[in-house]
Amino acid sequence: MTDAAKTATPAAAQGALQAVRGMNDILPDEAPLWLRLEDTARRVFEQYGYRFLRMPIVEPTPLFVRGIGEATDVVEKEMYTFEDKLSGESLTLRPEATAGIVRAAIQNNLTYERPQRVWTHGPMFRHERPQKGRYRQFHQLDVEALGFAGPEVDAEQIVLLARLWDALGLADSVTLKINSIGDPADRRAYREALTAYFLQHFDALDDDSKRRLSTNPLRILDSKNPEMQSLIEGAPRMLEQLGTEARAHFDGLRKWLDLAGLVYEIDTRLVRGLDYYNRSVFEWVTDRLGAQGTVAGGGRYDGLYESLGGKPTPACGFAAGMERLVLLLRETGKTAALAPLAYLVHQGDAAAALAWRLAETLRDAGYDTVLHAGGGSMKSQMKKADASGARFAFILAEDEARNRSVTVKWLREIGREQQTVPMDGLSAWLAERALSV
Ligand code: HAM
């Protein structure tokens, strides 16, 4: 922050308009990290054959009510729902991507001939209480495999995420949890067992859980209330009550994950907050972001097509929270490659013209170069070079202009001598040092 900005009256105090609470700008300082995340994710998803699609941000409200489930937090209290002024139709800003993708797949017969691997990214909207890692407009990377029944795609998506963490330098910061919540019949039986258990301990339930006991007792397991934890600990476990098919599916998932050499924890309490799941559920979590530690979550949803009016189609997917990943990249210092390779400072008219041409030549060769603009002393230009995060300052003052050379200063490596390099040979000099394009 500049000194001027520090002492300036906040814009809000001057009556300037503000963004909606919990909905943030992504400013140029932060954007490169977002773009790196998007580019890396796209490369990894494409490696596995996932193809991009994009759906509308607004959908008819019943899509989410039927898709996500009436008794979920998202549908009960977090949706931005409004009436279309002309048609009177109830519309909702999408709180997640899966329901919209399945709607698009049914409407466009996407999975009529063959299964499809697809992915998307973009803003989602939930009216939650904003805090670090939790926003009202947030962004997801969302990946779905539509029309695949076997556990190998569940495993594929988990492995794909492991590859993404690797590519982002986050592999040491996240861990994997998996569980199976069985098929609907298993879950009905489990629900009864769970209801019976919690009814026996009704007085120990908090208000939220008492309410959930009749609407969705599985969600009680998700309670963060510390006073409920020992009661939850003693509850019957879904994993012990899986039917034969769900059991085989879970064993299959574990086999494929083991084959990939992935380490995971089986978390029998993992239930996820949306109602469409069956069988596999998984989350990648970090302990570096406080309460909002889930960076990606998903699972199988074999019944969603049917609840949205489509033909029965097995499917599996996940979404990763981009704000949380950006926070995690910052938290772990994985912000490299955000800076240009070089910052070109220059003094005097002759040097300015040469610097202009040199900057273009360097860019032609693939080297990201910022050309100083706005004049100023060498000292102030060097300060800007440093602040840009560039690895090199290339200096072109009167002497250099006369000699057609450049003084190269290493800005990040302490103790490296500055060097004089002929202007024409600068790209080659960079290439020799195998500096990345
Ligand atoms: P979800 O668990 O609701 O699942 O969200 C997935 C991820 O989005 C979370 O793990 C978190 O990283 C991020 N996220 C959710 N809410 C917020 C928020 N308010 N602020 C910031 N980040 C947030 C789904 O949305 C499913 N559609 C995932 C899925 C895809 N399942 C199958 N296919």
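Residues numbered from 1 in each chain as written. Predicted model: local features only at pLDDT ≥ 70, side-chain atom pairs only at ≥ 80, totals over all residues. Heavy atoms only, no water.

Enquirer: Can you walk me through the packing of helix H2 (residues 31–47) against helix H12 (residues 322–331) in this structure?
Expert: Describing two packed helices takes the angle between their axes plus the distance from one axis to the other. At a closest axis distance of 10 Å, the pairing of H2 and H12 adopts a crossing angle of 115°. Classed by the angle they form, the pair H2 and H12 counts as roughly perpendicular. You can see that H2 and H12 cross each other, and the crossing is right-handed. Residue-level inspection shows Leu-33, Trp-34, Leu-37 and Glu-38 of H2 in contact with H12, the latter providing Met-322, Glu-323, Leu-325, Val-326, Leu-329 and Arg-330. Of the residues in the contact of H2 with H12, the class split is seven nonpolar, no polar and three charged. (Axes fitted to C-alpha atoms, helices over the stretch in contact; angles between N-to-C directions. Helix = DSSP H or I, 4+ residues; strand = E, 2+ residues; numbered from the N terminus. Parallel < 35°, antiparallel > 145°, perpendicular 65-115°, else oblique. Left-handed = near helix turned anticlockwise from the far one by under 90°. Contact = heavy atoms within 4.5 Å. Nonpolar A, V, L, I, M, F, W, Y, C, P; charged D, E, K, R; others polar.)

Enquirer: Quick question: what am I supposed to make of the pattern of salt bridges here?
Expert: Where charged atoms of side chains with opposite charge meet at close range, the side chains can pair. Inspection of every chain in the model, using the stated rule, returns 24 salt bridges. The partner of Arg-117 in a salt bridge is Glu-156, with the nearest N and O atoms 2.8 Å apart. Of this pair, Arg-117 sits in strand E5 (residues 116–125) while Glu-156 is found in helix H6 (residues 151–168), placing the two residues 39 residues apart along the sequence. Judged by its relative accessible area of 24%, Arg-117 falls in the partly exposed class. The exposure class assigned to Glu-156 is buried, which follows from its relative accessible area of 16%. A salt bridge links Asp-399 to Arg-402; the nearest nitrogen and oxygen atoms lie 3.2 Å apart. With Asp-399 and Arg-402 both in helix H15 (residues 398–403), this residue pair falls three residues apart, about one helical turn. Classification of Arg-402 as exposed rests on a relative accessible area of 60%. (Salt bridge = Lys/Arg side-chain N within 4 Å of Asp/Glu carboxyl O. Buried < 20%, exposed > 50% of the residue type's maximum accessible area, 1.4 Å probe, protein only.)

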